[in-house]
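Breakdown of the fold
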Amino acid sequence: MKTASRHHQAGVGLVEVMIALLLSLFTIGVIIQVFLGNHRTFLITEAVARVQEESRFALNLMQKELRLAGYLGCISKQGVTITSTLSATTTPYDFRIRIRGYDNLGSTLPTAISGLFGAGEPKPRSGSDLLLIQSPVGSGVPVIRNNSAAQLFAQLLSTKANYCAPNKPAYSDFCEGDIVMVSDCQKARVFQITNVQAAGGELNINHSNSNSYVPGNTVSSWGGNSAPAEERFGPGSLLHRLETRLYYIARPAADRPWTLYRKSGSAAGTPVVDGIADLQLTYGEDRNRDRAADTYVTAGSVSNWDNVMSVGIALLLRSGQGGVLSSPQSVSFAGGTFQSADSHWYWATETTVALRNRVP
């Protein structure tokens, strides 16, 4: 008689369970570490890409306007005196300035620019710099026939309904109240438009002293066939709209990051690039009259602004998202070292821009 064999099944012991749990925890830990590492790499990559994009935009904008600073048409480098009929000669209406810098701003702004900021308007960051640039807007509108004592006659290039405030049309992108310069290769004149209209397929621009706009004109009548040569502008002359623009760092609100602002005259400043933590400027000054920069100095050390040939721009940028870095960052910036106090990514960039209308 055969005896049935018995099969014994052994259960999982406590040791095996503990080993399995340990291996599982180790595997999960590795997966979490890989995930966290990839996530931090993603945050850094995204922060760097966005900061670099913002720096390129900010630098390109400032470079473009600096290269146009002081442009006066074909008389840009001839040292011709500009005649102004504007009633005011202070900033931003003195277009002989062309470029000016203000260094290490404090809570009280310099007198020359303090009046340009409204009471509730974000003010420039203390310790940062401010750049003032004067240049024309657009490529210029040709004058088509000799001016009369009351108006100039230019090409009608476009008509835009409700383009100008309050709901008035623009002709060749000119609005009533615009400050413009008319120039040829011998002379230039700055005045304020008091009336602009299309008539007979051409653009008629008036310049009365009605004081309808700020700052207004001191005289109403100039030009015409019997006027002195310095008042006559005909074919070959160009009309440009002029602006005084300010670049500075400000904060839109207490909980918002520092931002690069662009301001036109006394109009409210416009934020153009977020995350610009600081702006520092140096100026290449010609001190031996060879039309080349001999030394770079801060605004307070410029001896003659007419001899500034180039501008050095240094921007410090901050990523919009925090938690990018595990510890505060040290960054070389504007000849020193910036020490952050948070986990944002900071990046410094610098460039030098030649003023084309001054260098040979």
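Nothing here was measured: the structure is a model prediction, and the numbers come from that model.

Strand order across the open sheet formed by 4 strands is E15-E14-E16-E19, with antiparallel pairing between neighbours. Taken across any chain shown, the strands that pair with only one partner, and hence form the sheet edges, are strand E15 (295–297) and strand E19 (346–354). The mean angle between the axes of side-by-side strands here comes to 25°, regardless of whether they run parallel or antiparallel. Across 9 bridges, the pairing between strand E14 (residues 276–285) and strand E16 (residues 308–318) is antiparallel. In the sheet register, Gln 280 faces E16, and the bridge partner there is Ala 314.

Quick look at the pattern of salt bridges now. On inspection of all chains with the given rule, the structure shows 14 salt bridges. The shortest N-O distance in the salt bridge between Lys 187 and Asp 184 comes to 2.5 Å. Overall, Lys 187 belongs to the buried group, its relative accessible area being 15%. Since its relative accessible area comes to 10%, Asp 184 is described here as buried. Of the charged contacts, one joins Arg 318 and Asp 342 as a salt bridge, the two residues approaching to 3.5 Å between their closest N and O atoms. Placement of the pair is Arg 318 in strand E16 and Asp 342 in the loop between strand E18 (336–339) and E19, with a sequence separation of 24 residues. On the basis of relative accessibility, which here comes to 23%, the residue Arg 318 falls in the partly exposed class. For Asp 342, a relative accessible area of 24% gives the class partly exposed. Taken together, the shared-partner salt bridges connect Glu 65, Arg 241, Glu 243, Arg 245 and Arg 262 into one network.

Counting 33 residues, the largest nonpolar core has Leu 66, Leu 131, Tyr 283 and Ile 313 as the members making the most contacts within it. Secondary-structure elements contributing two or more residues to this core are helix H1 (14–68), strand E3 (130–145), strand E11 (238–250), E14 and E16. At 7 residues, the largest contribution of residues to this core is made by H1. Ranked by size, the runner-up nonpolar core spans 16 residues in total, among them Val 180, Ile 205, Trp 222 and Leu 239.

Moving on: the state of the cysteines. Summed over all chains, the structure comprises 1 disulfide. At a sulfur-sulfur separation of 1.9 Å, the disulfide partner of Cys 164 is Cys 175. Between Cys 164 and Cys 175, the disulfide has an S-S torsion of -75° and is therefore left-handed. On the criterion of sequence distance, the pair formed by Cys 164 in strand E5 (residues 159–164) and Cys 175 in the loop between strand E6 (168–171) and strand E7 (179–183) is long-range, its members being 11 residues apart. Like Cys 175, Cys 164 is buried.

The next subject is a nonpolar patch on the surface. A cluster of nonpolar side chains, namely Leu 14, Val 17, Met 18 and Leu 21, defines an oily patch on the protein surface of about 400 Å² accessible area. Along the chain, the position of Met 18 falls in helix H1.

The next thing to look at is the pairing of strand E13 (residues 270–274). Across 4 bridges, the pairing between strand E12 (residues 259–264) and E13 is antiparallel. From the neighbouring strand, Tyr 261 faces E13, where its bridge partner is Pro 271. Connecting the antiparallel pair E12 and E13 is a turn made up of 5 residues, with Gly 265 showing a positive phi of about 60°.

About the thresholds
Residues numbered from 1 in each chain as written. Predicted model: local features only at pLDDT ≥ 70, side-chain atom pairs only at ≥ 80, totals over all residues. Heavy atoms only, no water. Pairing = 2+ DSSP bridges. Helix = DSSP H or I, 4+ residues; strand = E, 2+ residues; numbered from the N terminus. Axes fitted to C-alpha atoms, helices over the stretch in contact; angles between N-to-C directions. Salt bridge = Lys/Arg side-chain N within 4 Å of Asp/Glu carboxyl O. Buried < 20%, exposed > 50% of the residue type's maximum accessible area, 1.4 Å probe, protein only. Core = buried A, V, L, I, M, F, W, Y, C linked by side-chain atoms within 4.5 Å. Disulfide = S-S within 2.5 Å. Patch = residues over 30% accessible without salt bridge, like charges linked within 9 Å, V, L, I, M, F, W, Y side chains within 5 Å. Areas by Shrake-Rupley, 256 points an atom, 1.4 Å probe, with all protein chains shown as cover.

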